[in-house]
There are 2 protein chains.
Amino acid sequence: MSLSPSSAGLSRTGGLHAALRLAILEQQLAPGARLPEDAIGEAFGTSRTIAREALGRLAVEGLVELRPNRGAFVASPSVDEVRQAFAVRRGLERVVVQTLAGQMKPAGLTRLRAHLAAEREAEEHHAAGAIRLAGEFHLLLAELTGNALLQRYVTEVVSRCSLGLATHARPHSADCGCREHAGLVEALSAGDTAGAEALMEAHLAALARRARLDEAPEPDIRAVLAPYASRLKGTR
Amino acid sequence: MSLSPSSAGLSRTGGLHAALRLAILEQQLAPGARLPEDAIGEAFGTSRTIAREALGRLAVEGLVELRPNRGAFVASPSVDEVRQAFAVRRGLERVVVQTLAGQMKPAGLTRLRAHLAAEREAEEHHAAGAIRLAGEFHLLLAELTGNALLQRYVTEVVSRCSLGLATHARPHSADCGCREHAGLVEALSAGDTAGAEALMEAHLAALARRARLDEAPEPDIRAVLAPYASRLKGTR
DNA sequence: GACCGCATGATTGCATGCGATTCATCTCCA
DNA sequence: TGGAGATGAATCGCATGCAATCATGCGGTC
């Protein structure tokens with residue numbers, strides 16, 4: 001949909017860049033997965049040059065990790081990085097809410113309400129798209145601000161949060177409750193800036209909490225093995 | 001100083017990327033300036049490939065505009081885009097302040113105070129680096145949060161703001177007053193979250209105001225010519 | 001039997017070369 | 001004289017090829 005490299009007049013590099021980003025964000029490429037230039041180039045029918053360039057750009061975005069002479073890997077955020085992403089997200093979405101509150105246009109409200117309806121629909125039927133829709137609600141809000149930079153950052157950070165939750169959260173925790181979304185829309189349409197801010201804050205906090213980010217299911221080998229090592233020393 | 005591509009173990013692409021960014025932020029490369037791959041590669045003793053790659057990455061950061069089949073140009077953001085960047089920046093730096101307030105480590109304070117001293121020094125002597133140092137104060141704050149994502153975003157958005165001010169502000173307005181920086185550091189070290197937040201808010205507002213962003217020295221041809229056109233109509 | 005050093009294969013890092021596109025200039029015609 | 005079209009240089013977009021680097025498996029040694 002958003003990736004028609006040639007038809008969109010995009011350069012091949014741009015096309016690959018967009019396609020890879022989508023693949024990563026949709027988790028078709030799992031965090032930590034290797035991204036060999038050859039394979040990517042071949043998959044898209046281009047040379048390594050293009051793949052390489054796209055990977056470099058994704059690295060700037062933080063979606064890909066570039067290890068010198070080793071190759072590229074899909075970034076796999078640690079629990080701590082996800083927590084950091086949520087901190088940034090709170091700040092950004094706060095700006096979104098502040099920008100929108102009191103200056104919502106009817107067209108924007110219409111779109112938001114339509115989205116809410118879709119969310120409810122998907123949630124009731126346990127549709128696969130429910131999680132995606134929940135994320136897209138936030139993207140829609142960002143879009144409505146008309147601030148392109150803000151929109152880009154929110155998109156990125158929401159993606160990262162999703163990626164992080166997918167990696168570390170317990171199952172079925174990545175979705176927003178759509179009632180909270182509905183409340184937000186009402187506060188925004190009423191021009192209740194403070195209320196909307198508080199709702200957004202609570203919403204994001206709940207989202208992070210649902211994810212059990214305080215737990216640490218982190219497979220840090222060294223930390224796990226440290227006690228064993230010290231026991232070995234003591235026994236000896 | 002911060003650009004020794006080979007010695008730093010950086011790839012050549014990385015070195016060029018960093019060097020070009022610095023050159024743009026120090027306004028050695030003016031907004032709108034052309035950036036031909038050939039010339040850049042030659043200047044750094046590398047091939048076009050590397051230059052091209054670095055330019056692509058800078059484009060992702062928003063420092064460079066890539067026009068298909070036309071080449072690369074130093075980005076020259078519109079007044080509106082600069083305003084948007086400031087809006088985002090306020091949100092991000094707020095998170096920085098919230099994160100830091102009350103948990104400043106002595107090492108961090110030392111670095112901040114050293115930086116303040118350097119700023120004062122540069123300001124007194126009207127050194128060329130004064131503007132850069134003023135920006136780097138904010139980067140240092142972001143770095144001290146330990147939040148890599150936040151640091152990246154602040155870096156980008158500060159760059160954009162600097163670039164925007166370079167394009168649209170009246171001369172000598174792009175520098176922060178380093179007294180405001182000093183006040184911030186004191187509030188942070190005292191753990192005065194609310195005070196630090198307020199200071200940062202005021203500081204950024206002052207920065208934007210100094211830039212006369214409300215004025216519109218925009219060379220919008222149509223707007224300028226509109227009265228002439230209507231007069232022509234009237235006369236006719 | 002375990003560990004260290006070395007050769008081999010795979011992959012990255014970078015430079016070069018060949019079309020393709022664009023812009024500037026010149027020419028020609030109305 | 002003014003403008004539309006042609007021509008050329010300059011530059012970009014991309015593929016390919018070679019050297020450098022790193023992972024992997026094997027043989028040797030303690």
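To be clear, the structure that these remarks concern was listed above.
Everything in this summary refers to the structure shown in the same document. (Residues numbered from 1 in each chain as written. Chains lettered and ligands numbered in written order. Predicted model: local features only at pLDDT ≥ 70, side-chain atom pairs only at ≥ 80, totals over all residues. Heavy atoms only, no water.)

With 19 residues, helix α5 (residues 106–124) of chain A extends 27 Å between its outermost C-alpha atoms, agreeing within 8% with the 27 Å of an ideal straight helix rising 1.5 Å per residue. Immediately downstream of α5 of chain A, the backbone of His126 of chain A shows phi near 50 degrees, a positive value. (Helix = DSSP H or I, 4+ residues; strand = E, 2+ residues; numbered from the N terminus. Expected span 1.5 Å × (residues − 1).)

On to the protein's contact with DNA strand D. Close to DNA strand D lie 19 residues; Arg12, Ser47 and Arg70 of chain A together with Arg48 and Arg52 of chain B are nearest. In DNA strand D, the atoms that sit within 4 Å of the protein are 73% sugar and phosphate, with bases accounting for the remainder. Side-chain polar atom of Arg70 of chain A to a phosphate oxygen of DNA strand D: 3.1 Å apart, as the coordinates give it. Residue Arg52 of chain B places a side-chain N or O atom 2.5 Å away from a phosphate oxygen belonging to DNA strand D. Elements that contribute at least two residues to the surface near DNA strand D include exactly α1 (12–25) and α3 (48–61) of chain A together with α3 (48–61) of chain B. (Near = heavy atom within 4 Å. Polar contact = N/O pair within 3.5 Å; in protein donor to acceptor, adjacent residues only side chain to side chain.)

Below, the discussion takes up the interface of chain B and chain A. When the parts come together, some accessible area is lost, and that loss is often what is quoted as the size of the interface. Across the contact, 26 residues belong to chain B and 27 residues belong to chain A. Each partner contributes to the roughly 2,300 Å² buried at the junction of chain B and chain A, and carbon and sulfur atoms together form 59% of this total. The salt bridge involving Arg152 of chain A is made with Glu156 of chain B; its shortest N-O contact spans 3.0 Å. Inspection of the region where chain B meets chain A yields twelve residue pairs in polar contact (both at pLDDT 80 or more). Listing elements by their share of the side of chain B that touches chain A, those giving two or more residues are α3, α4 (79–100) and α7 (148–168) of chain B. The residue inventory of the side of chain B that touches chain A, partitioned by class, reads twelve nonpolar, six polar and eight charged. (Contact = heavy atoms within 4.5 Å. Buried area = accessible area lost by both parts, 1.4 Å probe. Salt bridge = Lys/Arg side-chain N within 4 Å of Asp/Glu carboxyl O. Nonpolar A, V, L, I, M, F, W, Y, C, P; charged D, E, K, R; others polar.)

Time to look at the nonpolar core. One finds Leu92 of chain A together with Leu92 of chain B to be the most contacted residues of the largest nonpolar core, which totals 73 residues. Among all residues touching Leu92 of chain B, those that are not within four sequence positions of it are Val88, Leu92 and Tyr153 of chain A together with Leu150, Tyr153, Val154 and Val157 of chain B. Grouped together as the second largest cluster of nonpolar side chains are 16 residues, Ile50, Leu63, Val74 and Leu163 of chain B included. (Core = buried A, V, L, I, M, F, W, Y, C linked by side-chain atoms within 4.5 Å. Buried < 20%, exposed > 50% of the residue type's maximum accessible area, 1.4 Å probe, protein only.)

Residues and elements named next belong to chain A. Pairing is antiparallel in the open sheet, where three strands are placed in the order β1-β3-β2. Two strands bound the open sheet, and with one partner strand each, they are β1 (34–35) and β2 (64–67). Across four bridges, the pairing between β2 and strand β3 (residues 71–74) is antiparallel. Residue pairing across strands places Leu66 opposite Ala72, the latter belonging to β3. Its contacts with the sheet put α3 on β1, β2 and β3, and the angle it makes with β2 is roughly 115 degrees. (Pairing = 2+ DSSP bridges. Axes fitted to C-alpha atoms, helices over the stretch in contact; angles between N-to-C directions.)

We now examine the protein's contact with DNA strand C. In the vicinity of DNA strand C there are 19 residues, among which Arg48 and Arg52 of chain A together with Ser47, Arg48 and Arg70 of chain B approach most closely. Protein-adjacent atoms of DNA strand C, using a 4 Å cutoff, are sugar or phosphate at a proportion of 69%. Mapped by element, the contributors of at least two residues to the surface near DNA strand C are α3 of chain A together with α1 (12–25) and α3 of chain B. Counting residues per element, the surface near DNA strand C draws most heavily on α3 of chain B, at three residues. For the surface near DNA strand C, a count of residues per class yields three nonpolar, eight polar and eight charged.

Right, let's get into the pairing of β3 of chain A. On any regular strand, side chains alternate: one points to one face of the sheet, the next to the other face. All names here are of chain A. In this sheet, β3 lies alongside β1 in antiparallel orientation, the contact comprising two bridges. Residue pairing across strands places Arg34 opposite Phe73, the latter belonging to β3. Counted along the chain from β2 to the antiparallel partner β3, the turn is three residues long, and its residue Asn69 has a positive phi close to 65 degrees.

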